[in-house]
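Tertiary structure, described
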Amino acid sequence: MHGKSSTIRTSRAVTTLAALLAGALALTACSSGDNGKKSNGDKSEPSQTGSTVSLPKLNGASLEIAAVWTGQEQKNFKQVLAEFTRRTGAKVTFVPAQDPIINFLGSKIAGGQPPDVAMLPQPGAIKQAVQRKWAKPLGPEAVKELQKNYSQGWQDIGKVDGKQYGVYYKAANKSLIWYNAKVFANAGAKEPKTWKDLLTTSQAVYDSGVTPFSVAGADGWPLTDWFENVYLSQAGPQKYDELAQHKIKWTDPSVKQALTTLAQIWGKKDYLAGGQNGALQTEFPASVTQTFNGGDQPKSAMVYEGDFAQVNIGETKAKIGTDAKVFPFPAVGATAPVVSGGDAAVILKDSKAAQALVTFLASPDAATIQAKLGGYLSPNKNVPVSAYPNAVQQKIAKALIASGDDFRFDMSDQAPQAFGGTPGKGEWKDLQDFLKNPTDVAGTQAKLEKDAAAAYGSGS
């Protein structure tokens, strides 16, 4: 196991990269037409889903692909690579990378040994790879596959200056609230559709004798994700984009409204496991496990975070789908938010084989293999929902694909790292201070704006 901070970074990074990759996959799936549907429905021939994309014969070629994935995730991805080898004859080696992967790649490139393809988390990492002249644009076959299988939004996140560099192979749906089904049953609580319903559900849970929420306040990043979901739903996608690019200030009335809304939960000591002080000492893994340990008297009934929380639920006795259930983050404004992250495949050494591998990763064929193995989510809209191994994962995948182009990429992952990605600094720290004192909306806005202006440069 790696340490806390790298686990956090990896979960964010992995989710971001995932999203990029998934986008690429979605495109291929579109192109499959009737054949794809027939083969996808044919349970007896799982490998037949592979027939939607044509790949060249590459006997004698060898490739390296680098990613930060470990454990089961790496093992499952290697099955996807094995299928590529089976179809093309090219040998593919998986190179385990350290996080942050940009630093890892920098040392490989300096030593004259870059991998052919790398899985990059965060749109900012793709931009860095392009600015440093490491990344190579995708060729026509990969672009065609992307366009077939991915919504425009997923294509656009993989572009730099209008050129396509990334295929989002893996996504994260970060608009989910996990709950303890026993607690909900005892409280007579229902899955909420709106923020108002969420407050009603929280009160019902509280009245039944269980604290409604675990909030991972010791880690700043889950707090940014809470804010992003409320802000996207309430202020809308356009304002979200403007704030992400710092085209509007954090002193904007829309930020005041979102923080005031958050305080309806964060400001109620009785609604948070351990109160505000307890929340500030709770790290993300514990926020999840304490919701599902303790039978029908856990420390909390609900915990907010992405699909990757399944990994932590797996460390408890709770079964996903029966004891641990999930509902989409409720609508705060007109529509429910979908905030995502992901990993994108980017070519560092251009060749026929590298282009073919990324084309394959953009196809539904590749994503369907990994979807069936579990613990994975693809932005590829042509991956059949039935490929996911259980009802919970199918629900998460459906919500991501149904959002079309209305999803938004994690805002703090789009920000300069000094503001959106550094423990104890910037947005992470400012929201921790807000959790400590949720009445200080104006003071929080002023701090966020000061830190954002410094990180984005000249306040632009």
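Everything numeric here is computed off the predicted structure, so don't read it as measured data. (Residues numbered from 1 in each chain as written. Predicted model: local features only at pLDDT ≥ 70, side-chain atom pairs only at ≥ 80, totals over all residues. Heavy atoms only, no water.)

On to the nonpolar core. Grouped together as the largest cluster of nonpolar side chains are 88 residues, with contacts concentrated most on Ile-65, Phe-77, Phe-84, Trp-178 and Leu-361. In terms of residue count, helix α16 (residues 352-361) provides more of this core than any other element does, 7 residues in total. Core analysis: the next-biggest nonpolar cluster, separate from the first, contains 50 residues, Trp-226, Leu-272, Val-339 and Val-441 among them. (Core = buried A, V, L, I, M, F, W, Y, C linked by side-chain atoms within 4.5 Å. Buried < 20%, exposed > 50% of the residue type's maximum accessible area, 1.4 Å probe, protein only. Helix = DSSP H or I, 4+ residues; strand = E, 2+ residues; numbered from the N terminus.)

Detailed reading of the predicted coordinates is not advisable wherever pLDDT is low. For the protein, mean pLDDT is 89; residues scoring 70 or higher make up 88% of the total. Note that residues 1-50 has pLDDT below 50 and, in this model, 220 contacts with residues that lie over four places away or in other chains. (pLDDT = per-residue confidence, 0-100. Contact = heavy atoms within 4.5 Å.)

Moving on: the packing of helix α3 (residues 71-88) against helix α17 (residues 364-373). Two elements in contact, α3 and α17, have axes separated by 9 Å at closest approach and are oriented at 145°. Crossing geometry of α3 relative to α17 is assigned as right-handed. Across the interface between the two elements, Glu-73, Asn-76, Phe-77, Gln-79, Val-80, Glu-83 and Arg-87 from α3 touch Asp-365, Ala-366, Ile-369, Gln-370 and Leu-373 from α17. When the residues that make up the contact of α3 with α17 are grouped by side-chain class, the tally is 5 nonpolar, 3 polar and 4 charged. (Axes fitted to C-alpha atoms, helices over the stretch in contact; angles between N-to-C directions. Left-handed = near helix turned anticlockwise from the far one by under 90°. Nonpolar A, V, L, I, M, F, W, Y, C, P; charged D, E, K, R; others polar.)

Taken in spatial order, the 4 strands of this open sheet run β8-β9-β7-β10, and their pairing is mixed. Since the sheet does not close on itself, it has two edges, and those belong to β8 (213-214) and β10 (324-328), each with one partner. Here 5 bridges tie strand β7 (residues 176-180) to β10, and the two strands are oriented antiparallel to one another. Among the inter-strand pairings, Leu-176 is bridged to a residue of β10, identified as Pro-328. On top of the sheet, helix α14 (residues 284-292) reaches β7, β8, β9 (302-304) and β10; it is set at about 155° to β9, its chief contact. Here helix α18 (residues 391-402) sits on the sheet and contacts β7 and β10; the angle it forms with β10, its principal contact strand, is near 15°. (Pairing = 2+ DSSP bridges.)

Moving on: the side chain of Lys-174. Structurally, Lys-174 is set in the loop between β6 (166-173) and β7. One polar contact links Lys-174 to Asp-410, side chain to side chain, over a distance of 2.7 Å. (Polar contact = N/O pair within 3.5 Å; in protein donor to acceptor, adjacent residues only side chain to side chain.)

A few words on the packing of aromatic side chains. In total, this model carries 27 aromatic pairs according to the counting rule given. Relative to Phe-77, the ring of Trp-69 lies with its centre 5.0 Å away and its plane at 85°, an arrangement referred to as edge-to-face. Assigned by exposure class, Trp-69 and Phe-77 land together as buried. (Phe/Tyr/Trp six-rings, centres within 6.5 Å; stacked < 30°, edge-to-face > 60°.)

Axis angle and axis distance: for two packed helices, these are the angle between their axes and the distance between the axes, and together they describe the pair. Put simply, helix α10 (residues 220-235) and helix α12 (residues 253-266) touch, their axes get as near as 9 Å, and they point 120° apart. Comparing the axis directions of α10 and α12 gives the class oblique. Note that α10 runs across α12; the crossing there is right-handed. On the side of α10, the interface is formed by Leu-223, Trp-226, Phe-227, Val-230, Tyr-231, Gln-234 and Ala-235, while α12 contributes Ser-254, Val-255, Gln-257, Ala-258, Leu-259, Thr-261, Leu-262, Ile-265 and Trp-266. (Parallel < 35°, antiparallel > 145°, perpendicular 65-115°, else oblique.)

To continue, consider α18. For α18, with 12 residues, the first-to-last C-alpha span of 16 Å sits near the 16 Å given by 1.5 Å per residue. Turning to α18, its buried residues number three or more, namely Val-392, Gln-393, Ile-396, Ala-397 and Leu-400. When α18 is viewed along its axis, its buried side chains cluster within an angular range of 130° and face the same direction. Along α18, the residues that are exposed and aim more than 90 degrees away from the buried face are Ala-391, Lys-398 and Ala-402. (Expected span 1.5 Å × (residues − 1). Arc of directions from axis to C-beta.)

Quick look at the pairing of β6 now. Most of β6 is tucked away: 8 of the 8 residues are buried. The sheet contact formed by β6 and strand β11 (residues 339-347) spans 7 bridges and is antiparallel. Across the sheet, Asn-173 pairs through a bridge with Ser-340, a residue of β11.

What follows deals with unusual backbone geometry. Negative phi characterises most residues that are not glycine, and trans characterises most peptide bonds. Even without a glycine there, the phi angle at Gln-122 is positive, about 70°. Position of Gln-122 among the secondary structure elements: in the loop between β3 (117-121) and α5 (123-131). Of note in this structure, His-246 is not a glycine but carries a positive phi near 60°. Given the relative accessible area of 2%, His-246 is considered buried.

This part is about the pairing of strand β2 (residues 91-96). Bridge count for strand β1 (residues 62-67) against β2 is 6 bridges, and the pairing is parallel. Opposite Leu-63, over in β2, you have Val-92 as the bridge partner. Taking the sense of rotation as the criterion, the β-α-β connection linking β1, α3 and β2 turns out right-handed. (Right-handed = clockwise from strand over helix to strand, strands pointing away.)

The next subject is the environment of Ile-126. Mapped onto the elements of the fold, Ile-126 is located in helix α5. Taking relative accessible area as the criterion, Ile-126 reaches 0% and is therefore assigned buried. Ile-126 sits 31 residues away from Ile-157 along the chain, and the two C-alpha atoms are 9.2 Å apart.

When charged atoms on two side chains of opposite charge get close, those side chains can pair. Tallied over the full model, the rule gives 12 salt bridges. Where Lys-174 meets Asp-410, a salt bridge forms, and the shortest distance between an N and an O atom there is 2.7 Å. Here the residue Lys-174 occupies a position in the loop between β6 and β7, and Asp-410 occupies one in the loop between β12 (408-409) and α19 (411-414), the gap between them amounting to 236 residues. For Lys-174, a relative accessible area of 0% corresponds to the buried category. In this structure, Lys-429 engages Asp-433 in a salt bridge whose closest nitrogen and oxygen atoms are separated by 2.9 Å. In this pair, Lys-429 and Asp-433 both sit in helix α21 (residues 426-436), 4 residues apart, roughly one turn of the helix. Take Asp-433: its relative accessible area is 18%, and that puts it in the buried class. (Salt bridge = Lys/Arg side-chain N within 4 Å of Asp/Glu carboxyl O.)

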